[in-house]
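Residues per chain are reported as follows:
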There are 2 protein chains.
Amino acid sequence: MFSPQPIGYAKTPYLNTHEIPKGLDAKHDAEGVLEILPQFEAGLTDIEGFSHLFVLWFFDRSEGFDLLGVPPIDNRPHGVFATRSPRRPNPIALTVVELLRREGAHLHVRGVDMLDGTPLLDLKPYLSSIPTEKLRRGWLAEAEARRSK
Amino acid sequence: MFSPQPIGYAKTPYLNTHEIPKGLDAKHDAEGVLEILPQFEAGLTDIEGFSHLFVLWFFDRSEGFDLLGVPPIDNRPHGVFATRSPRRPNPIALTVVELLRREGAHLHVRGVDMLDGTPLLDLKPYLSSIPTEKLRRGWLAEAEARRSK
């Protein structure tokens, strides 16, 4: 395979996992800064033209994985690939953020949901969106329906 | 960091990179199968309730990276983090697929854009979508405008 390397680190308001809004449907409005390492800054060329970015990052404070787990917003177990649990075979996380502004190698963004100091793996432009009416939201929709009863 | 491990492999119609529709805006309608390894099958529990999935995979036939590159649909260089180039500091790819059906550990999907035999790293439910009217598409929109002149 390959040896992952940090391209930078996230500066966020979250020092402990319990401060982070949890669950597949959690809203993330917190602002933060993606501090890209100087040696990768040229890779940000033209990124300011995009309003939203995919951020791939490393669950660096998670260890091991569970194939089945009970997510914070449900009381039933689901497969790890049907959740965003940090305890995954490959501890890679994915977050969509809104790019507010760029200052050199620092990207100011909205929508961070990772701990302060988290190593970043990759950034990609966010482009496509699946129309809401075509999305099925699986166990999440069912758990929401049960909770609202 | 961590040691990536394959959770399975993609079965796709693409044997050579030149067969894959290229560019940030390419449409991917090809069908394929995500063959998850038996030891990870339990992690798929309830995944069939989701219509779309994020697939994280390994650019296993790419080597090294370029911070600046000219994408297939443009004639100007852009930063690697503003493109989907396979030559990235961490060779991790991201594809959104539509889940057509599950047969045990095999997920039949639409929208594959990876080579046959590509190692898979992770699957996550696709949920949120940014409203189209809020998306800015950076150099891609400009390149499209230039091409259509």
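Preceding this paragraph is the structure being described.
Here the structure is a predicted model, which is why all the values come from computation and not from measurement. (Residues numbered from 1 in each chain as written. Chains lettered and ligands numbered in written order. Predicted model: local features only at pLDDT ≥ 70, side-chain atom pairs only at ≥ 80, totals over all residues. Heavy atoms only, no water.)

**Q** I tried to follow the overall build of chain A on my own but got confused; where do I start?
**A** Each helix and strand in chain A was counted, giving one helix and eight strands. Helices and strands in chain A line up, N terminus first, as β-β-β-β-β-β-β-β-α. For 149 residues, the compact-globule estimate of 2.2 N^0.38 gives 15 Å, and the C-alpha radius of gyration of chain A, at 16 Å, lies within 12% of that figure. Taken over the C-alpha atoms alone, chain A extends approximately 50 × 35 × 30 Å along its principal axes. Per-residue burial over chain A gives 51% buried out of 149 residues. Taking contacts inside chain A between residues at least 6 apart in sequence as the whole, the part at least 24 apart equals 78%. Across chain A, 18 positive and 20 negative side-chain charges occur, with their mean positions spaced 8 Å apart. (Helix = DSSP H or I, 4+ residues; strand = E, 2+ residues; numbered from the N terminus. Rg over C-alpha atoms; globule rule 2.2 N^0.38 Å. Buried < 20%, exposed > 50% of the residue type's maximum accessible area, 1.4 Å probe, protein only. Contact = heavy atoms within 4.5 Å. Lys, Arg positive; Asp, Glu negative; His and termini not counted. Charge placed at Lys NZ, Arg CZ, Asp CG, Glu CD.)

**Q** What is the right way to read the packing of aromatic side chains from this model?
**A** Given two aromatic rings, one states the distance between the centres and the angle between the planes to describe the pair. In total, this model carries nine aromatic pairs over all chains according to the counting rule given. Between phenylalanine 54 of chain A and phenylalanine 54 of chain B the ring centres are 5.8 Å apart and the planes differ by 90°, which places this aromatic pair in the edge-to-face class. On the criterion of chain membership, the pair formed by phenylalanine 54 of chain A in strand S3 (residues 52–58) and phenylalanine 54 of chain B in strand S3 (residues 52–58) is interchain, its members lying in two chains. Relative accessible area serves as the criterion here: at 4%, phenylalanine 54 of chain B is assigned to the buried category. Taken together, Phe54 and Tyr126 of chain A together with Phe54 and Tyr126 of chain B form an aromatic cluster joined through their ring pairs. (Phe/Tyr/Trp six-rings, centres within 6.5 Å; stacked < 30°, edge-to-face > 60°.)

**Q** Would you take a moment to explain the relation of the copies chain B and chain A for this structure?
**A** Rotating chain B by 180° about the axis while translating it 0.0 Å along that axis superimposes it on chain A, leaving an RMSD of 0.0 Å. On this basis, the relationship between the two copies can be described by a two-fold rotation axis. An overlap of 100% is found between the interface residues of chain B and their copies at the interface of chain A, pointing to a shared contact surface. (Least-squares fit on C-alpha atoms with pLDDT ≥ 70 in both.)

**Q** Honestly, unusual backbone geometry in this entry has me stumped. Any pointers?
**A** Backbone geometry follows two general trends: most residues other than glycine have a negative phi, and most peptide bonds adopt the trans configuration. Notably, aspartate 46 of chain A is not glycine yet its phi reads approximately 75°, a positive angle. Tracing the sequence through the fold places aspartate 46 of chain A in the loop between strand S2 (31–36) and S3.

**Q** Would you mind showing me how to read the sheet that holds strand S6 (residues 92–103) of chain A here?
**A** Neighbouring strands of a sheet are bound in pairs by backbone hydrogen bonds; such pairs are parallel or else antiparallel. Residues and elements named next belong to chain A. Overall, antiparallel pairing links the six strands, which are arranged S1-S2-S7-S6-S3-S8 in a closed barrel. Neighbour-to-neighbour, the strand axes of this sheet turn through a mean angle of 45°, independent of strand direction. As judged from the seven bridges shared by S3 and S6, these two strands associate in the antiparallel manner. Bridge assignment links tryptophan 57 to a residue of S6, and that residue is alanine 93. (Pairing = 2+ DSSP bridges. Axes fitted to C-alpha atoms, helices over the stretch in contact; angles between N-to-C directions.)

**Q** Explain the nonpolar core to me, please; I cannot follow it from the model alone.
**A** Note that soluble globular proteins tend to have their nonpolar side chains buried in a common cluster. In this structure, Ile47, Leu107 and Leu123 of chain B are the most contacted members of the largest nonpolar core, which totals 35 residues. The set of elements that each furnish at least two residues to this core consists of helix H1 (138–147) of chain A together with strand S2 (31–36), S3, strand S6 (92–103), strand S7 (106–110) and strand S8 (119–125) of chain B. Ignoring anything within four residues of it in the chain, the contact list for leucine 123 of chain B reads Phe81 and Arg88 of chain A together with Ile7, Leu34, Ile36, Leu44, Ile47, Phe54, Val55 and Leu107 of chain B. By size, the runner-up hydrophobic cluster in this structure holds 34 residues, among which are Ile20, Ala93, Met114 and Leu115 of chain A. (Core = buried A, V, L, I, M, F, W, Y, C linked by side-chain atoms within 4.5 Å.)

**Q** Would you explain H1 of chain A in this entry?
**A** Structural remark: α-helix, 3.6 residues per turn; residues separated by three or four positions point the same way. Within H1 of chain A, burial applies to Gly138, Trp139, Leu140 and Ala143 of chain A. The inward-facing, buried residues of H1 of chain A abut strand S5 (78–79) of chain A.

**Q** What am I meant to see in the environment of arginine 110 of chain B here?
**A** All names here are of chain B. Among the secondary structure elements, arginine 110 is positioned in strand S7. Owing to a relative accessible area of 30%, arginine 110 belongs among the partly exposed residues under this scheme. Remark: the alpha-carbon pair of arginine 110 and lysine 27, spanning 83 residues in sequence, is separated by 11 Å. What arginine 110 contacts, discounting residues up to four positions off in sequence, is Asp29, Ala30, Glu31, Val97, Glu98 and Leu100.

**Q** Looking at this structure, I do not really get the pattern of salt bridges. What am I missing?
**A** Two side chains bearing opposite charge may form a pair once their charged atoms approach each other closely. Counted according to the given criterion, the structure contains 20 salt bridges over all chains. We note a salt bridge from arginine 110 of chain A to glutamate 98 of chain A, for which the minimum N-O separation is 3.1 Å. One end of the pair, arginine 110 of chain A, is in strand S7 (residues 106–110); the other, glutamate 98 of chain A, is in strand S6, with 12 residues separating them in the sequence. The exposure class assigned to glutamate 98 of chain A is partly exposed, which follows from its relative accessible area of 24%. The salt bridge partner of arginine 87 of chain B is aspartate 66 of chain B, with a shortest N-O separation of 2.5 Å. One end of the pair, arginine 87 of chain B, is in the loop between strand S5 (78–79) and S6; the other, aspartate 66 of chain B, is in the loop between S3 and strand S4 (68–69), with 21 residues separating them in the sequence. Judged by relative accessible area, which is 31%, arginine 87 of chain B ranks as partly exposed. If you follow the salt bridges from partner to partner, you end up with Glu31, Glu98 and Arg110 of chain A in one network. (Salt bridge = Lys/Arg side-chain N within 4 Å of Asp/Glu carboxyl O.)

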